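Residue-level structural notes
What follows is the residue order along each chain.
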Amino acid sequence: MRIFIFIVVIGVIVIVVYALHINAILACTIETTGTYIKYNTVQSGRGKATYEPVFRYYIKGKEFQGRCLNKMSLPDI
């Protein structure tokens, strides 16, 4: 009985996380232009650095700041 409850709880958690992820993807429907601000340095376990550009953008008059999830080399930024 405990295993069944455990499996049901894990299943509910997976469904909720998946639903939130889908909702976040669907919310990204407005096209906008961002302004490059800076870059974050991300160190890998091997000592090699990659970089994430950070942008500022506006949607419906509200200011947002976000980073690019694609890691890049510094010359590519």
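Residues numbered from 1 in each chain as written. Predicted model: local features only at pLDDT ≥ 70, side-chain atom pairs only at ≥ 80, totals over all residues. Heavy atoms only, no water.

1. Quick word on the sheet that holds strand β2 (residues 49-59)
Counted only if it meets this: Strands pair, by our definition, only if DSSP identifies at least two bridges between them. Put simply, DSSP H or I for four residues or longer makes a helix, DSSP E for two residues or longer makes a strand, and each gets a number counted from the N terminus. The axes used here are C-alpha line fits, helices contributing only the stretch in contact, and every angle between their N-to-C directions lies in the interval 0 to 180 degrees.
Taken in spatial order, the three strands make up an open sheet running β1-β2-β3, and their pairing is antiparallel. Where the open sheet ends on each side, the last strands, each with one partner, are β1 (35-43) and β3 (62-67). In this sheet, neighbouring strand axes are inclined to one another by 20° on average, regardless of whether the strands run parallel or antiparallel. Pairing of β1 with β2 involves eight bridges; the strand directions are antiparallel. Within the sheet, the bridge partner assigned to Asn-40 lies in β2 and is Glu-52.

2. Details of the pattern of salt bridges
Applicable threshold: The working definition used for a salt bridge is a side-chain nitrogen of Lys or Arg within 4 Å of a carboxyl oxygen of Asp or Glu. Relative accessibility under 20% of the residue-type maximum defines a buried residue, over 50% an exposed one, and the middle range a partly exposed one, all with a 1.4 Å probe and only protein chains included.
Applying the stated rule across the entire model yields three salt bridges. Where Glu-52 meets Lys-71, a salt bridge forms, and the shortest distance between an N and an O atom there is 2.9 Å. Of this pair, Glu-52 sits in strand β2 while Lys-71 sits in the segment after β3; the two residues are 19 residues apart in sequence, bridging distant segments of the chain. Classification of Glu-52 as buried rests on a relative accessible area of 7%. For Glu-63, the salt bridge identified is with Arg-56, shortest N-O distance 3.2 Å. Through salt bridges with shared partners, a single ionic network connects Glu-52, Arg-67 and Lys-71.

3. Examining the packing of aromatic side chains
Worth spelling out the cut-off: For Phe, Tyr and Trp, rings pair up if their centres lie within 6.5 Å, where Trp contributes its six-membered ring, and each pair is then called stacked (planes under 30 degrees apart), edge-to-face (over 60) or tilted (otherwise).
Evaluation of the coordinates by the stated rule reveals three aromatic pairs. Between Tyr-36 and Phe-55 the ring centres are 6.2 Å apart and the planes differ by 70°, which places this aromatic pair in the edge-to-face class. On the criterion of sequence distance, the pair formed by Tyr-36 in strand β1 and Phe-55 in strand β2 is long-range, its members being 19 residues apart. Ring centres of Tyr-39 and Tyr-51 lie 5.2 Å apart, and the angle between their planes is 85°; on these two criteria the pair is classed as edge-to-face. Here Tyr-39 is found in strand β1, whereas its partner Tyr-51 is found in strand β2, with 12 residues between them in sequence. Look at Tyr-39 and you get partly exposed, because its relative accessible area is 35%.

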